[in-house]
Amino acid sequence: MEQDTPEEPDLGDRLRSAIGRLYRRFRVERQPGSLGDAAFDVLTYLHKRGPQSLTDLSEQAGVSPASMSQSVNRLTSAGYAVRGPDPADRRKVLFGVTASGRELAVAARARRNAWLDERLHALSAEDRAVLARAAQLLDDIAES
């Protein structure tokens, strides 16, 4: 018996809900006592993308520079990020990850990946193939 395909509006709602719930679950898998969500997101972004200006970080996160300033101040105070001059324009300040910030970001990613890999391993090969295709489609949508 064929399963009915959800209508487009329902599919979008179900996808947003599932992605949001999965994202929140990843946050739960973060090490206890670590940074708040906003600062941790900035740390992860800096780890992936390298040094960034406050303006670039604000635009990427969709927040005001004042809000982003609070996040980077938490990171620098905790020793997870440092301020430094932009080599292209020494008047500008870039924020980069320290060794301890890199260590925290890598450990958190490993913890989240381990949690997800365990659940994916419990699925059938067919279901994993469906998710692999869905991941590609979601990446395509995110990049559009």
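Residues numbered from 1 in each chain as written. Predicted model: local features only at pLDDT ≥ 70, side-chain atom pairs only at ≥ 80, totals over all residues. Heavy atoms only, no water.

J.: Please set out the overall build of the protein chain residue by residue, giving values where relevant.
T.: Each helix and strand in the protein chain was counted, giving six helices and three strands. Starting at the N terminus, the α and β elements of the protein chain follow one another as α-α-β-α-α-β-β-α-α. Taking 144 residues into account, the globule formula puts the C-alpha radius of gyration at 15 Å, and the protein chain, at 19 Å, lies well above it. With respect to the principal axes defined by its C-alpha atoms, the protein chain has extents near 65 × 30 × 25 Å. When burial is assessed residue by residue, the protein chain has 24% of its 144 residues classed as buried. Side-chain charges in the protein chain split into 21 positive and 21 negative, and the spacing between the mean points of these groups amounts to 10 Å. (Helix = DSSP H or I, 4+ residues; strand = E, 2+ residues; numbered from the N terminus. Rg over C-alpha atoms; globule rule 2.2 N^0.38 Å. Buried < 20%, exposed > 50% of the residue type's maximum accessible area, 1.4 Å probe, protein only. Lys, Arg positive; Asp, Glu negative; His and termini not counted. Charge placed at Lys NZ, Arg CZ, Asp CG, Glu CD.)

J.: How would you summarise the packing of helix α3 (residues 54-61) against helix α4 (residues 65-78) if you had to cite specific residues and measurements?
T.: Closest axis-to-axis distance for the α3/α4 pair is 9 Å, and the angle between their directions is 105°. When the axis of α3 is compared with that of α4, the two are roughly perpendicular. Where α3 approaches α4, its residues L54, L57, S58 and A61 are matched on the opposing element by P65, M68, S69 and V72. (Axes fitted to C-alpha atoms, helices over the stretch in contact; angles between N-to-C directions. Parallel < 35°, antiparallel > 145°, perpendicular 65-115°, else oblique. Contact = heavy atoms within 4.5 Å.)

J.: Summarise the pairing of strand β2 (residues 81-86); cite the residues concerned and give the values.
T.: In the sheet, β2 pairs with strand β3 (residues 89-97) via six bridges, with the strands oriented antiparallel. Pairing of R83 across the sheet is with F95, part of β3. Hairpin remark: β2 followed by β3, antiparallel, with two residues in the connecting loop. (Pairing = 2+ DSSP bridges.)

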